[in-house]
Amino acid sequence: MSAGERRVATLKALAQSPLDVLIVGGGIVGAGIARDAAMRGLRVGLVEQHDFAFGTSSRSSRLLHGGLRYLAQGRIGLVHEASVEKKIIHEIAPHLAEPLPFIFPTYRGNRHWVLWQLKIGVKIYDLLCGGRNLGKSTWLNRADVLERVPGLVSDGLRGAVRYFDGFTNDARLVLDTLRSAARHGALLLNYCRFHDARRGGHWECEVENRLTPGTFKVRAGALVNATGPWADGLPRSAVKLRLTKGIHLVVERNRLPVPDTVVMTEGKRILFVIPWGERTIIGTTDTDYSGSLDRVIADAEDVQYVLQVANQFFPSARLSEKDVISSWAGLRPLIADPNGKPSDISRSHEILSPEPGWWDVTGGKLTTYRLMAEQAVDQIVKSLKGRKELKREVSPCRTAEEPLLPAAEVAGVSGILPPEFSRRVVEHYCENEWAMHLDDVMVRRSGWCYYHLDAAQKAEHVADWMSEFLGWSDATRAAEIERFRAVSGCQPAAESSSSRETRRQHDHRAASMV
């Protein structure tokens, strides 16, 4: 069965029989709920108005962390919760959860981050992981820091702590979680927009198919709003959000060659320099946001701020906009609090049912998605049974023990680094991972858009392959190229001479592959 035929079959299945649960939103929270509910034996459907992982879930710092900053704020419960969950993700998805060492330097005069306090803090951090973090924390004297991180500003340096968290690929975590949900029977559709629902014996939901225009009805006993930044815009939603924006820049590793992730501070705020294969990721910002939810970009002011902080800590790098290969910007859907700065707002989550059968699941963070899903499904099952809408027995939660996918199903197509650029990989994404548009492959499934200097040329080749797999006409192919340029979020800056030469070499290699 082709990808198109499978989509038609899924549409028919959603419309024909009542579901136990319909999830609106195909980010990490919705994916986690779909997997958990399907593994317990519930009849599960999920619809997403854009592509899976289109929003926040593909635009994070890609960290699995308890949050040393939250520990400094005294949020012990939140840190413990997240610290346990990052280890669980490491167990169930080792290909997407690598131990990542952090070096946190401290400087004379910074009263917010004091070395002796951090030394105590990282030991508590290890204990909150159950005594076994992803690596053992230590501390470094001034000379050790400068030896490990050449180029780090030395004026006022007191020393550093070194601790461990996890590194992931956020979009891949969503997609592999959805693939796991589908293996357990969940019905999943991207590019289907939820419009409204009315309550009868079941929820009767109106859903629009955005690829072949038309609407269809879906009936479900429970309806879950897991739409992240869009959550307060759904009919019947009781959510109140405060959105903040975070951006990330990608530069070549040789422009900022750090061996471990380095924490940079500006007052209470922290930013990261994260090694990513042949690249380095720098971010993030944390500012209030009130613009478009469908197009969030790293504007010039954001870029300059991140570069300024990076150059303050690594003055010899002299980074400029010309060094930026790509960037992304995403929104944090924080539970509304009109008081306090964005960086002070809690990343805790809420699961609310403002009326019978409707569930708003909001807040939280990438690291705790599995726990959020478990708690949500626990409440949904209890509610369905209480209303006599679920009379059969369901299995207990198994998401903390069962691997996301067999190793053979992720090899060569899913990992923290982008996969090898090949026709075979693109075919897999089209046939097995719901890729419908060019940016689905280039941005979220592969990450080639953010990683490669010749992303524009690679997009041309991918469009050729997708035309073959999905039956695109020449006109559709041209439209997909234009769409990719408009919505991908890959915003290469002007090239340095070294980058230009590297790109020419990449172009030559890419041309020889086709």
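Residues numbered from 1 in each chain as written. Predicted model: local features only at pLDDT ≥ 70, side-chain atom pairs only at ≥ 80, totals over all residues. Heavy atoms only, no water.

Peer 1: Summarise helix α2 (residues 28-39); cite the residues concerned and give the values.
Peer 2: Compared with the 16 Å implied by 1.5 Å per residue over 12 residues, the 16 Å span of α2 between its first and last C-alpha is a close match. Positioned one or two residues after α2, Gly 41 has a phi angle of 100°, which is positive. (Helix = DSSP H or I, 4+ residues; strand = E, 2+ residues; numbered from the N terminus. Expected span 1.5 Å × (residues − 1).)

Peer 1: Describe the side chain of Asn 225, and please don't skip the residues or the numbers.
Peer 2: Here Asn 225 is to be found in strand β10 (residues 214-225). For Asn 225, the side chain forms a polar contact with the main-chain oxygen of Ala 231, separated by 3.0 Å. With near-sequence residues (within four places) excluded, Asn 225 lies in contact with Val 24, Ala 231, Leu 234, Ser 237, Val 239, Trp 358, Trp 359, Asp 360 and Val 361. (Polar contact = N/O pair within 3.5 Å; in protein donor to acceptor, adjacent residues only side chain to side chain. Contact = heavy atoms within 4.5 Å.)

Peer 1: Account for unusual backbone geometry, with residues named and values stated.
Peer 2: With omega at 20°, the peptide bond leading from Gly 283 into Thr 284 counts as cis. Within the element layout of this structure, Thr 284 appears in the loop between β14 (279-283) and β15 (287-288). Non-glycine residue Arg 62 carries a positive phi angle of around 65°. Here Arg 62 shows up in the loop between β2 (44-47) and β3 (63-64). Judged by relative accessible area, which is 4%, Arg 62 ranks as buried. Unlike most non-glycine residues, Tyr 191 shows phi in positive territory, near 55°. Of note, Tyr 191 is situated in the loop between β7 (187-189) and β8 (192-199). Under the relative-accessibility criterion, Tyr 191 is labelled buried at 4%. (Buried < 20%, exposed > 50% of the residue type's maximum accessible area, 1.4 Å probe, protein only.)

Peer 1: Any details on the nonpolar core? Residues and values, ideally.
Peer 2: Among the nonpolar cores identified, the biggest contains 52 residues, and Phe 104, Tyr 163, Val 426, Leu 438, Met 442, Val 462 and Met 466 are the most heavily contacted of them. With 7 residues, helix α13 (residues 455-470) is the largest single contributor of residues to this core. Discounting residues that sit within four places of it in the chain, Phe 104 has contacts with Leu 68, Trp 113, Leu 118, Gly 159, Ala 160, Val 161, Tyr 163, Val 263, Thr 265 and Ile 270. Counting residues in each nonpolar core, the second largest holds 50 residues, with Val 174, Ile 351, Val 381 and Leu 384 among its members. (Core = buried A, V, L, I, M, F, W, Y, C linked by side-chain atoms within 4.5 Å.)

Peer 1: Got a sec to walk through the pattern of salt bridges? Specific residues and values, please.
Peer 2: For the structure on display, the rule yields 40 salt bridges. The partner of Asp 51 in a salt bridge is Arg 445, and the shortest N-O contact between them spans 2.7 Å. In this pair, Asp 51 sits in the loop between β2 and β3 while Arg 445 sits in helix α11 (residues 438-445), placing the two residues 394 residues apart along the sequence. The two residues Asp 51 and Arg 445 agree in class, both being buried. Between Arg 423 and Glu 427 there is a salt bridge, with its nearest N and O atoms 4.0 Å apart. With Arg 423 and Glu 427 both in helix α10 (residues 423-432), this residue pair falls 4 residues apart, about one helical turn. Overall, the relative accessible area of 33% leaves Arg 423 in the partly exposed class. (Salt bridge = Lys/Arg side-chain N within 4 Å of Asp/Glu carboxyl O.)

Peer 1: Account for α13, with residues named and values stated.
Peer 2: Three- or four-residue spacings in an α-helix give side chains the same orientation, since the helix completes a turn every 3.6 residues. Taking 1.5 Å of rise per residue, 16 residues should cover 22 Å, and α13 covers 21 Å from first to last C-alpha, within 8% of that figure. Of the residues making up α13, those classed as buried are Ala 455, Lys 458, Ala 459, His 461, Val 462, Ala 463, Trp 465, Met 466, Ser 467 and Phe 469. Directly after α13, the chain includes Gly 471, whose backbone phi takes a positive value near 70°.

Peer 1: Outline the packing of aromatic side chains, listing residues and values.
Peer 2: What the rule picks out here adds up to 13 aromatic pairs. Seen in terms of ring centroids, Phe 421 and Trp 448 are 4.8 Å apart; in terms of plane orientation they differ by 70°. Their pairing is edge-to-face. One end of the pair, Phe 421, is in the loop between α9 (369-386) and α10; the other, Trp 448, is in helix α12 (residues 448-451), with 27 residues separating them in the sequence. Phe 421 gets classed as buried once you look at its relative accessible area, which sits at 5%. A residue is classified by how much of its surface remains accessible, and Trp 448, at 0% relative accessible area, is buried. Judged by centre distance (5.2 Å) and plane angle (40°), the rings of Phe 421 and Trp 465 are tilted. Taken together, the residues Phe 421 in the loop between α9 and α10 and Trp 465 in helix α13 connect sequence positions 44 residues apart. Residue Trp 465 is classed as buried on the basis of its relative accessible area, which comes to 10%. By way of ring pairs, the aromatic residues Phe 102, Tyr 125, Tyr 163 and Phe 272 are connected into one cluster. Between Arg 62 and the ring centre of Trp 328, over which it is positioned, the NZ or CZ distance is 4.6 Å. Lying across the ring of Phe 421, Lys 458 places its NZ or CZ 4.9 Å from the centre. (Phe/Tyr/Trp six-rings, centres within 6.5 Å; stacked < 30°, edge-to-face > 60°. Lys NZ or Arg CZ within 6 Å of the ring centre and 35° of its normal.)

Peer 1: I'd love a proper account of the packing of α2 against helix α7 (residues 170-183), names of residues and values included.
Peer 2: The geometry of α2 relative to α7 is characterised by a closest axis approach of 8 Å and an angle of 20° between their N-to-C directions. On the basis of their axis angle, the class for α2 and α7 is roughly parallel. Handedness of the crossing formed by α2 with α7: left-handed. Every residue of α7 that contacts α2 at Ile 28, Ala 31, Gly 32, Ala 34, Arg 35 and Ala 38 is listed here: Leu 173, Val 174, Thr 177, Leu 178, Ser 180 and Ala 181. (Axes fitted to C-alpha atoms, helices over the stretch in contact; angles between N-to-C directions. Parallel < 35°, antiparallel > 145°, perpendicular 65-115°, else oblique. Left-handed = near helix turned anticlockwise from the far one by under 90°.)

Peer 1: Now, about the pairing of strand β1 (residues 19-24): what can you tell me, with residues and values included?
Peer 2: Within β1, 6 of the 6 residues are buried, which leaves the element mostly enclosed by the surrounding structure. The pairing of β1 with β10 spans 5 bridges and is parallel. Among the inter-strand pairings, Val 24 is bridged to a residue of β10, identified as Asn 225. Bridge count for β1 against β2 is 4 bridges, and the pairing is parallel. Among the inter-strand pairings, Ile 23 is bridged to a residue of β2, identified as Leu 46. Note on the crossover from β1 through α2 to β2: the handedness is right-handed. (Pairing = 2+ DSSP bridges. Right-handed = clockwise from strand over helix to strand, strands pointing away.)

Peer 1: Now, about the environment of His 195: what can you tell me, with residues and values included?
Peer 2: The residue His 195 is located in strand β8 in this model. Exposure remark for His 195: the relative accessible area of 33% places this residue in the partly exposed category. On a C-alpha basis, the gap between His 195 and His 65 in space is 35 Å, while along the polypeptide they are 130 residues apart. Apart from residues lying up to four places away in sequence, His 195 is in contact with Glu 206, Glu 208 and Pro 235. A polar side-chain atom of His 195 sits 2.8 Å from a polar atom in the side chain of Glu 208.

Peer 1: Now, about the state of the cysteines: what can you tell me, with residues and values included?
Peer 2: Applying the stated rule across the entire model yields 0 disulfides. With no disulfide of its own, Cys 205 lies 13 Å from the sulfur of Cys 192, the closest cysteine sulfur. Its relative accessible area of 0% is what places Cys 205 among the buried residues. Its sulfur unpaired, Cys 430 is 17 Å from the next cysteine sulfur, which belongs to Cys 449. (Disulfide = S-S within 2.5 Å.)

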